[in-house]
Every structure is written in structure tokens, then in C-alpha cells.
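Here are the chains, one letter per residue:
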Amino acid sequence: MLKQVTYQGVFEPTDRSGFSVYFPDLPGCTSYGETLAEAQRNAKDALGLHIYGMEQDCDPIPEPSAVLKVDPETADGFLVCPVTIFPSIVRDELDNRRVKTNVTIPAWVRELALEKGLNCSKLLEAAIL
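The shown structure was predicted, so the numbers you read here are calculated from the model rather than taken from an experiment.

Enquirer: Is there a simple way to think about the layout of surface pockets in this case?
Expert: Which parts of space are left empty comes out when a probe the size of a water molecule is rolled across the atoms. Taken as a whole, the largest pocket encloses approximately 760 Å³ of empty space. Looking at the largest pocket, it is lined by 22 residues, and the ones nearest its centre are Thr101, Cys120, Ser121, Lys122 and Leu124. At the level of elements, helix H3 (107-115) and helix H4 (120-128) are the ones that each hand at least two residues to the lining of the largest pocket. Counting residues per element, the lining of the largest pocket draws most heavily on H4, at seven residues. When grouped by side-chain class, the residues that make up the lining of the largest pocket number eleven nonpolar, five polar and six charged.

Written as C-alpha cells, this is what we have:
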């Protein structure tokens, strides 16, 4: 069973017609979007990355507040919207994403791999596992 977490995001209109987003329960977790729909998508990504980063740093993850405390400096016309993520899915996607790295191997190993039609990246991955 997947556990989801939901935090309240504060979406405030900007001077440029977009929306800035912040999460009162998670200082430093911010986002932006040109439209409300884009801001909501970006807020979900920001929340997932922020929680993932906190997990990686072994920081305690705060529980979502029952009562939201909106910053008094927030622009007029703001909206409060729930933003839900599944941390285990975010973690799985980020931990298993492909990254480019340079590896130095003997030329004969590369040539042999090419002759056999082997992918060096997959070969290295299989060897480590």
C-alpha cells in the first residue's frame, strides 16, 4: 500500500500574472507557474523533491499542520490548495533515474563489448548487481 502525504500550498498571484507557491510547513519549499494549473504541477514536483532531499539529509519530515499559518506578507487574492505526493514513488523515480557518467575501461574491453553487441552501461550495472 502506498502512503501519500498532503501539504497545503499557498498560491499567491504575482505581478507577472503567474502564481508563486510556498508551503508554510516546509520552509524553503517554493515553486512558480505561469498559470494556476502549471503552478499546481510545479508545486507537486517541488514538494516531492523537497521531501526527498530531507530524507536524503536525514532531516525530520514535519507532519502537515491541522491549522495553516499563512505568512502575513502573502499577496492579496491567494489560494490555499492541497498538494499530494507519494514519497515512495518519488524516491523510486529519483533513485532509479539514469545519470551520465564517464568510466575509463581498457580499449580491448570496449572493443569486445561492441563485437558482442553489449551495452557497456547495462554491462556495468549488471556486474555491480
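Enquirer: What exactly am I supposed to notice about unusual backbone geometry here?
Expert: Most peptide bonds are trans, and most residues other than glycine sit at a negative phi. Notably, Ser17 is not glycine yet its phi reads approximately 85 degrees, a positive angle. For Ser17, the position within the fold is in the loop between strand E1 (5-13) and strand E2 (19-22).

Enquirer: I tried to follow the pattern of salt bridges on my own but got confused; where do I start?
Expert: Oppositely charged side chains can pair when the atoms bearing their charge come close. On inspection of all chains with the given rule, the structure shows three salt bridges. A salt bridge links Arg98 to Glu125; its shortest N-O distance comes to 2.8 Å. Of this pair, Arg98 sits in the loop between helix H2 (87-95) and H3 while Glu125 sits in helix H4, placing them 27 residues apart in sequence. When its relative accessible area of 34% is taken as the criterion, Glu125 is described as partly exposed. Between Glu111 and Arg110 there is a salt bridge, with the nearest N and O atoms lying 3.6 Å from each other. Classification of Glu111 by relative accessible area gives partly exposed; the value is 40%.

Enquirer: What is the right way to read the packing of aromatic side chains from this model?
Expert: For any pair of aromatic rings, the description consists of the separation of the ring centres together with the inter-plane angle of the planes. The full count for this structure, using the stated rule, is zero aromatic pairs. We note Arg16 situated over the ring of Tyr32; from NZ or CZ to the ring centre the distance is 5.0 Å.

Enquirer: What is the right way to read the state of the cysteines from this model?
Expert: The term disulfide refers to a covalent linkage connecting the sulfur atoms of a pair of cysteines. For the structure on display, the rule yields zero disulfides. No disulfide involves Cys29; its nearest neighbouring cysteine sulfur is the one of Cys81, lying 14 Å away. No disulfide involves Cys58; its sulfur sits 19 Å from that of Cys29, the nearest cysteine. Classification of Cys58 by relative accessible area gives exposed; the value is 70%.

Enquirer: Please clarify how the pairing of strand E3 (residues 30-33) should be interpreted in this entry.
Expert: On a regular strand, one side chain projects to one face of the sheet and the next to the other, so that they alternate. With burial as the criterion, only one face of E3 is covered, namely that bearing Ser31 and Gly33; the residues Thr30 and Tyr32 on the opposite face remain uncovered. As paired elements, E2 and E3 share four bridges and run antiparallel to each other. What sits directly across from Phe19, in E3, is Gly33.

Enquirer: What's the story with the nonpolar core in this structure? I'm lost.
Expert: Soluble globular proteins tend to pack their nonpolar side chains together in the buried interior. Grouped together as the largest cluster of nonpolar side chains are 17 residues, with contacts concentrated most on Tyr7, Phe11, Phe23, Leu26 and Leu47. Residue assignment for this core shows that the elements contributing at least two residues are E1, E2, helix H1 (36-56) and strand E4 (79-85). With six residues, H1 is the single largest residue contributor to this core. Setting aside its immediate chain neighbours within four residues, Tyr7 contacts Phe23, Asp25, Leu26, Leu47, Ile51, Ile61, Pro62, Glu63, Pro64, Cys81, Pro82 and Val83.

Enquirer: For this particular structure, what's the right way to read the confidence of the model for the protein chain?
Expert: One rule of thumb: low pLDDT means the predicted coordinates there are not for detailed reading. In the predicted model, the protein chain carries a mean pLDDT of 92, and the fraction of residues at 70 or more is 98%. Mean pLDDT values over the elements of the protein chain span from 84, in H4, up to 98, in E3.

About the cut-offs
Residues numbered from 1 in each chain as written. Predicted model: local features only at pLDDT ≥ 70, side-chain atom pairs only at ≥ 80, totals over all residues. Heavy atoms only, no water. 1 Å grid on protein atoms, 1.4 Å probe; cavity = no way out; pocket = protein on both sides within 12 Å on 5 of 7 lines; lining within 4 Å. Points joined across faces, edges and corners; volume = space filled by probe spheres on them. Helix = DSSP H or I, 4+ residues; strand = E, 2+ residues; numbered from the N terminus. Nonpolar A, V, L, I, M, F, W, Y, C, P; charged D, E, K, R; others polar. Salt bridge = Lys/Arg side-chain N within 4 Å of Asp/Glu carboxyl O. Buried < 20%, exposed > 50% of the residue type's maximum accessible area, 1.4 Å probe, protein only. Phe/Tyr/Trp six-rings, centres within 6.5 Å; stacked < 30°, edge-to-face > 60°. Lys NZ or Arg CZ within 6 Å of the ring centre and 35° of its normal. Disulfide = S-S within 2.5 Å. Pairing = 2+ DSSP bridges. Core = buried A, V, L, I, M, F, W, Y, C linked by side-chain atoms within 4.5 Å. Contact = heavy atoms within 4.5 Å. pLDDT = per-residue confidence, 0-100.

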